[in-house]
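The chain contents come next:
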Amino acid sequence: MATTDGIEAIVLRTTKYGEADVIAHVHTRDAGRRGVIAKGARKSTSRLGVRLDPFLVVRLSLVSGRGDLAIVRGVEIVAANEHLRTNWHAQEIGARALDLVGKLGEEHEPNEALHFLARTML
């Protein structure tokens, strides 16, 4: 299993998976849009769950998984973007922007300009 540390990513959206896992769709500068899975993230003892919320800019530590999803081993918050979490109107606009980034970004295709635009918008 190949390990990748220090990948900066913008969390676009998350989905509950199974009993305790979370699948997060993220956009990275170097790898474009990709899916990652945080095993056990919804358990009360997990440190991963709340660090994979939309609007967060995070630094991921990943291990390659069996399929297209990389497994999250660690998450560090780079930017929390609190102004989006406390203002409903800003949150609505931000959600639309992240949805657009998810649609424009190609899976596993680097797009530095799109990543910069999303990061600046947040």
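Here the structure is shown first, and the text comes after it.
On a predicted model such as this, the values are computed, not experimentally measured, just so you know. (Residues numbered from 1 in each chain as written. Predicted model: local features only at pLDDT ≥ 70, side-chain atom pairs only at ≥ 80, totals over all residues. Heavy atoms only, no water.)

**Q** I'd like to hear about the layout of surface pockets, residue by residue, with values.
**A** Quantified by volume, the largest pocket comes out at close to 190 Å³. Residue lining of the largest pocket: 12 residues in total, with Lys 39, Gly 65, Arg 66, Leu 69 and Ile 71 positioned closest to the centre. Among the residues forming the lining of the largest pocket, the class breakdown is six nonpolar, three polar and three charged. (1 Å grid on protein atoms, 1.4 Å probe; cavity = no way out; pocket = protein on both sides within 12 Å on 5 of 7 lines; lining within 4 Å. Points joined across faces, edges and corners; volume = space filled by probe spheres on them. Nonpolar A, V, L, I, M, F, W, Y, C, P; charged D, E, K, R; others polar.)

**Q** With reference to specific residues and values, describe the environment of Ala 38.
**A** One can find Ala 38 in strand β3 (residues 32-38). A sequence separation of 33 residues divides Ala 38 from Ile 71, and the C-alpha atoms of the two residues are 6.0 Å apart. What Ala 38 contacts, discounting residues up to four positions off in sequence, is Ala 20, Asp 21, Val 22, Leu 48, Leu 52 and Val 72. (Helix = DSSP H or I, 4+ residues; strand = E, 2+ residues; numbered from the N terminus. Contact = heavy atoms within 4.5 Å.)

**Q** Break down unusual backbone geometry for me, citing the residues and quoting the values.
**A** One non-glycine residue with positive phi stands out, namely Asn 81, at about 50 degrees. Along the chain, the position of Asn 81 falls in the loop between β5 (70-79) and α1 (82-86). Asn 81 sits in the buried class, given a relative accessible area of 13%. Here the phi dihedral of His 108 falls at roughly 60 degrees; this positive angle occurs in a residue that is not glycine. (Buried < 20%, exposed > 50% of the residue type's maximum accessible area, 1.4 Å probe, protein only.)

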